[in-house]
Amino acid sequence: MQFILKPGQLRLSDFRQLLDEKTSLTLDPACVPAILASEALIKKTLDDNKTVYGINTGFGLLAHTRISHADLENLQRSIVLSHAAGLGELLSDAAVRLILALKINSLARGYSGVRLQTIEALIKLFNASVYPCIPSQGSVGASGDLAPLAHMSTLLLGVGEARHEGKIISAQEALDKAGLKPLQLAPKEGLALLNGTQVSTALAILGLLAAEDIFISALTAGALTVDAVHGSDTPFDERIQIVRGHATQIRVAAILRNLLAHSEIRASHKDCNKVQDPYSLRCQPQVMGACLASILTTSEILLVEANAVSDNPLIFVEQGEILSGGNFHAEPVALAADALAVSIAEMGALSERRIALLVDPHFSGLPAFLVQNAGVNSGFMIAQVSAAALASENKSLAHPASVDSLPTSANQEDHVSMATYAARRLTPMARNAAGIIAIELLGACQGIDFARPLKTSPKLEKIYHLIRQHVPFYDKDRYFSPDILQGQHIIESGKIRQELGLSLF
């Protein structure tokens, strides 16, 4: 699949395609004149012997140090090597692939002064699935994601390592696979490669895409649980939502009604004496609607940032000016990632409470811990404990990262965003939430089995059979963890989203 990149025009629907290794990237030729013009203005500035930050000066606190013309190439190489000071586990191939795509998208807008050949080198890495080894720790999300983007950039110089087809290879071997030779960076290029919020943004987008699957799976599990415990769909009535007025609450209730429509189980107890269900069932439109509102707001912010020019200084060709500002400060990403973290934690917490209802025979009317011959069998007893542990862990991880700031670079960078960590922790949080929801899906399917021969709704029967293709009915105690992992994989792979044809964006 060929993806023609029109710089600055990425859509939310493009991100999953870009993450697919079958996708190759090509620049829209219409962007080339702006790239060449930006490069030309850098050359003219040097020819006119002007002093401009990052082009012929030092960096950070050393910004007032003028660099001689003879040292300009060495200046750009030095900043890349010195800033490659990251630590920790390597970022995933998916993360690095998206980082490359976002950096290409930003540089190709023509405000960064980077040569076309340098942008094309990044495209060759992307298309060859050659991913620079980028440590996950070392960025505070201000002055750009300096350390991780430096590790991305060392590969262009023939330094460092890369991962290709799951194997770590040397920089030279990586360049060979991509059909490249080591680059000699031109003035401004090292700084342009290092400056920018592409790492924070890519990690946050991965969290956003995971949150979409978490949200759809959590709603589906919640609907299944409503049927499994013979709950009521009355709280999802459109009139209730409309008088409150939140659009996302109205949308969630509509999805729940659609998921539960034509359920034989619901029809069987339409006239029962039960008055109200607990909040984890009854208030799904309110809680999940609020989460959806946060997810949608986050998606808007991250889409803007994915298309942003966030290095420094910036080249404005029409006015013939090079301006130094602060677009590298990733506060928008940090605040968005923090909000998304809270939503992920809440979705998991709500699911865990429904699991607790499912295993409690006094509420659910189902066998204790969802298994026959309870006592001899423990059933879902410890699965619920695992869900509680994951929910609690996510509560701690949801603490906002953006409220923390430590000055860096001798107080030149005296306020930082912590966006990189704020975004990076979304992936383990989403995995925790997927584990919780997987347990609920397994438990709700048990409840549906106990209601046979009655069926749930046609849409939920599809999900029931999707689960049962991989995880059989729990008739007696067995090794449980593989079942949960299967459910988790179904969620994370997007199979529920695809089976139902649902999308948030």
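Nothing here was measured: the structure is a model prediction, and the numbers come from that model.

Caption draft 1: Region of the structure containing the nonpolar core. Counting 161 residues, the largest nonpolar core has Phe15, Leu27, Ile104, Ile119, Phe215, Leu441 and Ile496 as the members making the most contacts within it. By residue number, the principal contributor to this core is helix H9 (residues 198-228), which donates 19 residues. Those residues in contact with Leu27, other than ones at most four positions away along the chain, are Leu5, Pro7, Ile35, Ile104, Ala108, Leu116, Ile119 and Ile123.

Caption draft 2: A look at H9. Taking 1.5 Å of rise per residue, 31 residues should cover 45 Å, and H9 covers 44 Å from first to last C-alpha, within 8% of that figure. Of all 31 residues making up H9, 30 are buried, and the element is well covered by its neighbours.

Caption draft 3: A look at the side chain of Asn394. In this structure, Asn394 sits in helix H17 (residues 381-397). Among the residues examined, Asn394 registers a relative accessible area of 0% and is labelled buried. When near neighbours in sequence (up to four residues on either side) are disregarded, Asn394 contacts Ile344, Ala345, Pro428, Met429, Asn432 and Ala433.

Caption draft 4: Region of the structure containing the sheet that holds strand E4 (residues 131-132). Here three strands make up an open sheet; going across it, the order is E4-E6-E7 and the pairing antiparallel. Each edge of the sheet is formed by a strand with only one pairing partner; in this case those strands are E4 and strand E7 (167-170). In this structure, strand E6 (residues 161-164) lies alongside E7, joined through four bridges in antiparallel fashion. Pairing of Arg163 across the sheet is with Ile168, part of E7.

Caption draft 5: Geometry of the packing of helix H11 (residues 247-260) against helix H14 (residues 284-306). Orientation of H11 relative to H14, taken along the N-to-C sense of each, is 120°, at an axis distance of 7 Å. Relative to H14, the element H11 is oriented oblique. The two elements H11 and H14 cross, and the hand of that crossing is right-handed. Residues Thr248, Gln249, Arg251, Val252, Ala253 and Leu256 of H11 pack against Gln284, Pro285, Gln286, Met288, Gly289, Ala290, Leu292, Ala293 and Leu296 of H14. In terms of residue class, the contact of H11 with H14 is built from nine nonpolar, five polar and one charged.

Caption draft 6: Structural context of the environment of Gly435. Take Gly435: it is sitting in helix H19 (residues 426-450). Sequence separation between Gly435 and Ala387 is 48 residues; the distance between their C-alpha atoms is 7.1 Å. If we ignore the near neighbours within four places in the chain, the residues touching Gly435 are Leu390, Ile484 and Gln488.

Caption draft 7: Region of the structure containing helix H3 (residues 72-83). With twelve residues, H3 extends 17 Å between its outermost C-alpha atoms, agreeing within 8% with the 16 Å of an ideal straight helix rising 1.5 Å per residue. For H3, the elements touching its buried residues are helix H2 (32-47), helix H6 (146-154) and helix H8 (189-194).

Caption draft 8: Quick look at the pattern of salt bridges. Tallying each qualifying case throughout the model produces 20 salt bridges. For Asp311, the salt bridge goes to Lys188, with nearest N and O atoms at 2.8 Å. Residue Asp311 is located in the loop between H14 and strand E8 (314-316), and its partner Lys188 is located in the loop between helix H7 (171-178) and H8; the two are separated by 123 residues in the primary sequence. In this structure, Asp311 and Lys188 share a single accessibility class: buried. With a shortest N-O distance of 2.8 Å, Arg452 and Glu461 are connected by a salt bridge. Owing to a relative accessible area of 9%, Glu461 belongs among the buried residues under this scheme.

Caption draft 9: Quick look at the packing of H3 against H6. With their axes 7 Å apart at the nearest point, H3 and H6 run at an angle of 120° to one another. Between H3 and H6 the crossing geometry is left-handed. On the side of H3, the interface is formed by Val80, Leu81 and His83, while H6 contributes Leu146, Ala147, Ala150, Ser153 and Thr154. Tallied by class, the residues present in the contact of H3 with H6 amount to five nonpolar, three polar and no charged.

Caption draft 10: The arrangement of the packing of aromatic side chains in detail. The tally for this structure, following the rule as stated, stands at five aromatic pairs. When the centroid spacing of 4.9 Å and the interplanar angle of 90° are considered together, the rings of Phe380 and Phe480 count as edge-to-face. A residue pair is termed long-range when its members are at least 10 positions apart, and Phe380 in the loop between helix H16 (361-364) and H17 and Phe480 in the loop between helix H20 (458-468) and helix H21 (481-492) qualify at 100 residues. Comparing Phe380 with Phe480 shows no difference in burial state: the two are buried.

Caption draft 11: Seen up close, the environment of Glu440. Looking at the secondary structure, you find Glu440 in helix H19. Through-space distance from the C-alpha of Glu440 to that of Val403 is 33 Å; in sequence the pair is 37 residues apart. Setting aside its immediate chain neighbours within four residues, Glu440 contacts Ala221, Gly222, Thr225, Ser351, Arg354, Ile355 and Leu358. A polar contact is formed between the side chain of Glu440 and the side chain of Ser351, at a distance of 2.6 Å.

Caption draft 12: Inspection of the side chain of Lys103 at higher detail. Structurally, Lys103 is set in helix H4 (residues 93-107). For the buried residue Lys103, which engages in no salt bridge, the nearest side chain bearing the opposite charge is Asp311, 5.8 Å off. Here the side chain of Lys103 touches Gln198 through a polar contact of 2.9 Å, side chain to side chain. Other than its neighbours up to four places away in sequence, Lys103 contacts Leu122, Leu149, Met152, Ala192, Leu193, Asn195, Gly196 and Gln198.

Caption draft 13: Molecular detail of unusual backbone geometry. That bond from Asn312 to Pro313 is cis: its omega, -5°, falls within 30 degrees of zero. Tracing the backbone shows Pro313 in the loop between H14 and E8. Here the residue pair Arg452 and Pro453 is connected by a cis peptide bond, since its omega of 15° sits within 30 degrees of zero. On the secondary structure map, Pro453 appears in the loop between H19 and H20. A positive phi angle, close to 60°, is found at Asn49, a residue other than glycine. Locating Asn49 in the fold gives a position in the loop between H2 and H3. Asn49 gets classed as exposed once you look at its relative accessible area, which sits at 55%.

The rules behind these values
Residues numbered from 1 in each chain as written. Predicted model: local features only at pLDDT ≥ 70, side-chain atom pairs only at ≥ 80, totals over all residues. Heavy atoms only, no water. Core = buried A, V, L, I, M, F, W, Y, C linked by side-chain atoms within 4.5 Å. Buried < 20%, exposed > 50% of the residue type's maximum accessible area, 1.4 Å probe, protein only. Helix = DSSP H or I, 4+ residues; strand = E, 2+ residues; numbered from the N terminus. Contact = heavy atoms within 4.5 Å. Expected span 1.5 Å × (residues − 1). Pairing = 2+ DSSP bridges. Axes fitted to C-alpha atoms, helices over the stretch in contact; angles between N-to-C directions. Parallel < 35°, antiparallel > 145°, perpendicular 65-115°, else oblique. Left-handed = near helix turned anticlockwise from the far one by under 90°. Nonpolar A, V, L, I, M, F, W, Y, C, P; charged D, E, K, R; others polar. Salt bridge = Lys/Arg side-chain N within 4 Å of Asp/Glu carboxyl O. Phe/Tyr/Trp six-rings, centres within 6.5 Å; stacked < 30°, edge-to-face > 60°. Polar contact = N/O pair within 3.5 Å; in protein donor to acceptor, adjacent residues only side chain to side chain. Lys, Arg positive; Asp, Glu negative; His and termini not counted.

All quantities given are derived from atomic positions and should not be read as evidence of function.
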